[in-house]
Amino acid sequence: MRYPIVIERGSETTAYGVIVPDLPGCFSAGDTFEEAMNNAPEAITLWIECALDDGESIPAPSPLDVLMNNPEWSGPEWVWAFAQVDPALLDETPEHISVTLPRRVLLRLDAQAGIAGEARSDCIARLILNA
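Read on for an overview of the structure. Just so it is clear, the structure is predicted and the values come from calculations on it, not from any experiment. The numbers attached to residues start from 1 for each chain and follow its sequence in the written order. Confidence filtering applies because this is a predicted model: local features only for residues at pLDDT of at least 70, side-chain atom pairs given and counted only at 80 or more, and all residues used for totals across whole chains, interfaces and linings. Side-chain descriptors were evaluated using all non-hydrogen atoms of the structure, hydrogens and water having been removed beforehand.

### A look at the packing of helix H3 (residues 103–116) against helix H4 (residues 120–129)
Moving on, step 1. Simply put, an axis is a line fit to the C-alpha atoms, just over the touching stretch for a helix, and the angle between two N-to-C directions goes from 0 to 180 degrees. Helix numbers and strand numbers start at the N terminus; a helix is a DSSP run of H or I with at least 4 residues, a strand a run of E with at least 2. With their axes 9 Å apart at the nearest point, H3 and H4 run at an angle of 90 degrees to one another. As summarised for this structure, H3 and H4 are arranged roughly perpendicular, according to the angle between their axes. Between H3 and H4, the contacting residues are Leu-106, Leu-109, Asp-110, Gln-112, Ala-113 and Ala-116 on the first element and Arg-120, Cys-123, Ile-124 and Arg-126 on the second.
Moving on, step 2. In this classification, the charged set is Asp, Glu, Lys and Arg, the nonpolar set is Ala, Val, Leu, Ile, Met, Phe, Trp, Tyr, Cys and Pro, and all remaining amino acids, among them Gly, are polar. A breakdown of the residues in the contact of H3 with H4 according to their chemical character gives six nonpolar, one polar and three charged. Any angle from 65 to 115 degrees is called roughly perpendicular, while one under 35 is roughly parallel, one over 145 is roughly antiparallel, and all others are oblique. Here, residues are in contact when the closest pair of their heavy atoms is within 4.5 Å.

### Quick notes on the layout of surface pockets
Moving on, step 1. There is about 1,000 Å³ of room inside the largest pocket.
Moving on, step 2. As for the largest pocket, its lining consists of 23 residues, and the residues nearest its centre are Glu-95, Ser-121, Ile-124, Ala-125 and Leu-129.
Moving on, step 3. Only helix H1 (33–53), H3 and H4 provide two or more residues apiece to the lining of the largest pocket.
Moving on, step 4. In terms of residue count, H4 provides more of the lining of the largest pocket than any other element does, seven residues in total. A cavity here means a set of points on a 1 Å grid, drawn over the protein atoms and nothing else, where a 1.4 Å probe fits but cannot get out; a pocket is an open set with protein on both sides within 12 Å along at least five of seven lines, and a residue lines either one if it has an atom within 4 Å of a point. Grid points are joined across faces, edges and corners, and a volume is the space filled by probe spheres set on the points.

### Notes on the pattern of salt bridges
Opposite charge on two side chains permits pairing when their charged atoms draw close.
Moving on, step 1. By definition, a salt bridge exists where a carboxyl oxygen of Asp or Glu is found within 4 Å of a side-chain nitrogen of Lys or Arg. Scanning the entire structure with this criterion turns up two salt bridges.
Moving on, step 2. Residues Glu-118 and Arg-126 are paired through a salt bridge, measuring 2.9 Å at the closest nitrogen-oxygen approach.
Moving on, step 3. A relative accessible area of 23% places Glu-118 in the partly exposed class. For the exposure calls, accessible area comes from a 1.4 Å probe over protein chains only, and a residue counts as buried if that area is under 20% of its type's maximum, exposed if over 50%, partly exposed in between.

### Details of a nonpolar patch on the surface
Moving on, step 1. Where nonpolar side chains cluster on the molecular surface, the patch consists of Ile-97, Val-99 and Leu-101 and spans about 280 Å² of accessible area.
Moving on, step 2. Within the secondary structure layout, Val-99 lies in the loop between strand S4 (78–84) and H3. Only residues whose relative accessible area exceeds 30% and that form no salt bridge are eligible for patches; like-charged ones are grouped when within 9 Å, while nonpolar side chains (Val, Leu, Ile, Met, Phe, Trp, Tyr) are grouped when within 5 Å. To measure how exposed things are, a 1.4 Å probe is used in the Shrake-Rupley method; for residues, cover is taken only from the protein chains shown.

### What to know about the sheet that holds strand S3 (residues 27–30)
Moving on, step 1. Two strands qualify as a pair provided DSSP detects at least 2 bridges between them. Ordered in space as S3-S2-S1-S4, the four strands form an open sheet in which the pairing is antiparallel. Each of the sheet's edge strands pairs with one partner strand only, and the pair in question is S3 and S4. Taken pair by pair, the neighbouring strands of this sheet meet at an average axis angle of 30 degrees, ignoring direction.
Moving on, step 2. Where strand S2 (residues 16–19) lies against S3, four bridges are found, and the strand directions are antiparallel. Bridge pairing in S3 links Val-18 to Ser-28.

Purely spatial values, then, with no claim about function.
Structure, rendered in structure tokens:
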């Protein structure tokens, strides 16, 4: 999946700034244009992960033509580009896995799940997401 990004040109004293218009508050930067481009997918990934963890929906990428018509990002200081992110980040499809654990670890997992009133898989997911 490709999100349009708008990059504010940097200078000798300022970094290149990156804004992802479709994801409010999602931004990044880099000392060079290339670094700014390379940092954008990580910022988008973190934004999406946080939004999903908070139960929020993820906006689809807008057509570039629509975004380019926004006067906020018109002018020579802005450059448009795209940042590629893995669409699997949005996939909430449950998937069966097989995990081998020592019995003592499994007993602790079951105890934690019981305290929280969860199934093992829900407990594992909660622990991972809160790590």
